[in-house]
Amino acid sequence: METQHSITVEQCSQYYSISSSFIFDLDEHGLITLLRMEEEAYLDYDQLPLLEKYMRLHYDLQVNMEGLEAISHLLERVQLLHATIRRLGGEIPQ
């Protein structure tokens, strides 16, 4: 497993000034994916935009973990619907 393109959960929590338990909770709820190697947990750099989105929703808007799951599910559905519309040759309303 390669850790060149990842950051430890500890480093990430320090950088963003958030609790590492929040990051682990996101992983437990399937909202982000942590890489585990030996006794350390890593977050891939590609996951950082997701983490930042969930941080804003949780800390700024007070959305709880269940709400984050619901929002994530709905956004995935919207993306699938947009892909279907594109595939069928339609326009996506703004």
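This text follows the structure it describes.
Presented here is a report on the structure given in the accompanying data block. Remember, predicted model here, so these are calculated numbers, not experimental data.

**Topic: the pairing of strand E2 (residues 34–37)**
Inference 1: As paired elements, E2 and strand E3 (residues 40–44) share four bridges and run antiparallel to each other. Opposite Met-37, over in E3, you have Glu-40 as the bridge partner.
Inference 2: Hairpin geometry of E2 and E3 is characterised by an intervening segment of two residues between the two adjacent antiparallel strands and by a positive phi of about 55° at Glu-38.

**Regarding the packing of aromatic side chains**
Inference 1: One pass over the structure, following the stated rule, counts two aromatic pairs.
Inference 2: Relative to Tyr-16, the ring of Tyr-15 has its centre 5.0 Å away and its plane inclined at 85°; by these criteria the two rings are edge-to-face.

**A look at the pattern of salt bridges**
Inference 1: Inspection of every chain in the model, using the stated rule, returns one salt bridge.
Inference 2: Here Asp-27 makes a salt bridge to Arg-36, at a shortest N to O gap of 3.1 Å.

**Observations regarding the pairing of E3**
Residues in a regular strand point their side chains to alternate faces of the sheet.
Inference 1: Where strand E1 (residues 6–8) lies against E3, three bridges are found, and the strand directions are antiparallel. Opposite Ser-6, over in E3, you have Asp-44 as the bridge partner.

About the criteria used
Residues numbered from 1 in each chain as written. Predicted model: local features only at pLDDT ≥ 70, side-chain atom pairs only at ≥ 80, totals over all residues. Heavy atoms only, no water. Pairing = 2+ DSSP bridges. Helix = DSSP H or I, 4+ residues; strand = E, 2+ residues; numbered from the N terminus. Phe/Tyr/Trp six-rings, centres within 6.5 Å; stacked < 30°, edge-to-face > 60°. Salt bridge = Lys/Arg side-chain N within 4 Å of Asp/Glu carboxyl O.

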